[in-house]
Amino acid sequence: MKKILLKVQGLGANYGPIRALRGVTLEVKEGETVAVIGANGAGKTSLMRAISGILPISAGTATFLGLDIAKTPTHELARQGMLHVPEGRGTLQTMLVEDNLRLAWEIRPANMTFEHALENVYARFPRLQERKDQWAGNLSGGEQQMLSVARAIINRPQLLLIDEPSMGLSPMFTKEVFRALAELRDAGVAILLVEQNVTRALELSHRAMVLTHGEFTLEGSAKDLAKDPRVMASYMGQAA
Ligand SMILES: Nc1ncnc2c1ncn2[C@@H]1O[C@H](COP(=O)(O)OP(=O)(O)OP(=O)(O)O)[C@@H](O)[C@H]1O
Ligand SMILES: [Mg+2]
């Protein structure tokens with residue numbers, strides 16, 4: 001039996017009077033890729049932020065490897081192997097590109113040297129090598145997104161939380177990023193993915209869940225959901 005990495009039960013989270021998450025329950029096992037799909041404002045980013053300990057949990061529980069997320073500092077969760085690539089620009093803007101990568105590597109140093117790990121990343125994303133001595137904040141939006149994904153790869157997480165990796169990317173960059181994610185998946189990294197490109201999300205994932213107004217309304221294998229018209233309806237913000 002595969003080990004459960006992430007266990008979320010009856011999770012609630014609010015922004016003042018706004019209830020962003022209402023009784024969300026999900027599990028991610030070792031090596032599993034799970035997509036969370038939903039309309040704008042459904043609560044997808046809030047779910048990622050609650051799981052990584054950034055957004056306080058108001059109800060229910062969330063654990064990573066049995067550690068209570070509400071009581072564990074985010075850096076400790078990262079050290080244990082849970083890495084969050086946030087929506088938008090998850091890079092350290094006032095640091096050089098290569099230092100961004102070094103910092104991500106140092107959280108979980110592998111047997112591999114940093115130089116070797118760097119070679120692998122640059123082979124996949126030559127654009128980052130060309131820009132390695134620039135401030136991350138000066139990269140284009142797409143390049144910053146690429147750097148976020150490169151930081152995740154070099155960190156070798158056990159569980160990657162990734163929010164809208166294709167946002168702002170051209171079709172060519174999107175393809176590159178999804179190829180990198182598929183390699184992570186095939187290497188046994190568990191991924192919890194939020195993605196507006198539903199076709200790509202379902203192609204990458206084993207399972208998927210549809211979030212509507214802070215609640216899961218549909219879940220199943222990615223294969224089945226790819227054929228289910230309710231998925232597209234909920235994504236468009238209509239009734240699921
Ligand atoms: N910092 C905040 N303060 C107040 N309300 C917020 C905040 N962040 C999000 N919300 C609200 O919480 C709800 C869920 O937002 P969230 O960002 O989680 O949605 P989402 O599914 O990620 O949407 P999108 O697809 O647009 O990224 C929305 O109604 C949003 O307006
Ligand atoms: Mg979002």
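Reading guide: rules and limits
The written sequence of each chain sets the order in which its residues are numbered from 1. Starting at A for chains and at 1 for ligands, labels are handed out in the order in which the entities are written. Note on the predicted model: pLDDT of at least 70 is required for a residue's local features to be given, and 80 or more for side-chain atom pairs to be given and counted; whole-chain, interface and lining totals, by contrast, use all residues. Core membership is restricted to buried Ala, Val, Leu, Ile, Met, Phe, Trp, Tyr and Cys residues, and these are joined into a nonpolar core through C-beta atoms within 7 Å. Think of it as a crowd count around each C-beta: if 20 or more other C-beta atoms lie within 10 Å the residue is buried, if 12 or fewer it is exposed, and in between it is partly exposed, with C-beta placed from the backbone throughout. Only DSSP runs of H or I with at least four residues qualify as helices, and only runs of E with at least two residues qualify as strands; both kinds are numbered from the N terminus onward. Working definition of a contact: two residues with C-beta atoms, positioned from the backbone, lying within 7 Å. Pairing between strands is defined by DSSP: at least two bridges between the two strands are required. Axes, fitted as lines to C-alpha atoms, cover a helix only where it is in contact. Angles between the N-to-C directions of the axes lie from 0 to 180 degrees.

J.: What exactly am I supposed to notice about the nonpolar core here?
T.: Grouped together as the largest cluster of nonpolar side chains are 71 residues, with contacts concentrated most on Ala150, Leu159, Leu160 and Leu161. For this core, the element with the highest residue contribution is helix H6 (residues 141–155), accounting for 7 residues. Setting aside residues no more than four positions away along its own chain, Leu159 makes contact with Leu5, Leu6, Val28, Phe64, Gly81, Met82, Ala190 and Leu192.

J.: Help me understand the sheet that holds strand E9 (residues 207–212) in this model?
T.: The pairing of strands in a sheet comes from backbone hydrogen bonds and takes either a parallel or an antiparallel form. The strand order across the open sheet built from 6 strands is E6-E7-E8-E3-E9-E10, with neighbouring strands paired in mixed fashion. Edge strands, defined here as strands with exactly one partner in the open sheet, are strand E6 (82–85) and strand E10 (215–221). Going across the sheet, the axis of each strand differs from the next one's by a mean of 15 degrees, ignoring polarity. Sheet analysis places E6 next to strand E7 (residues 159–163), joined by 4 bridges and oriented parallel. Bridged to Val85 within E7 is Ile162. H6 contacts E6 and E7 of the sheet and is inclined by roughly 170 degrees relative to E6.

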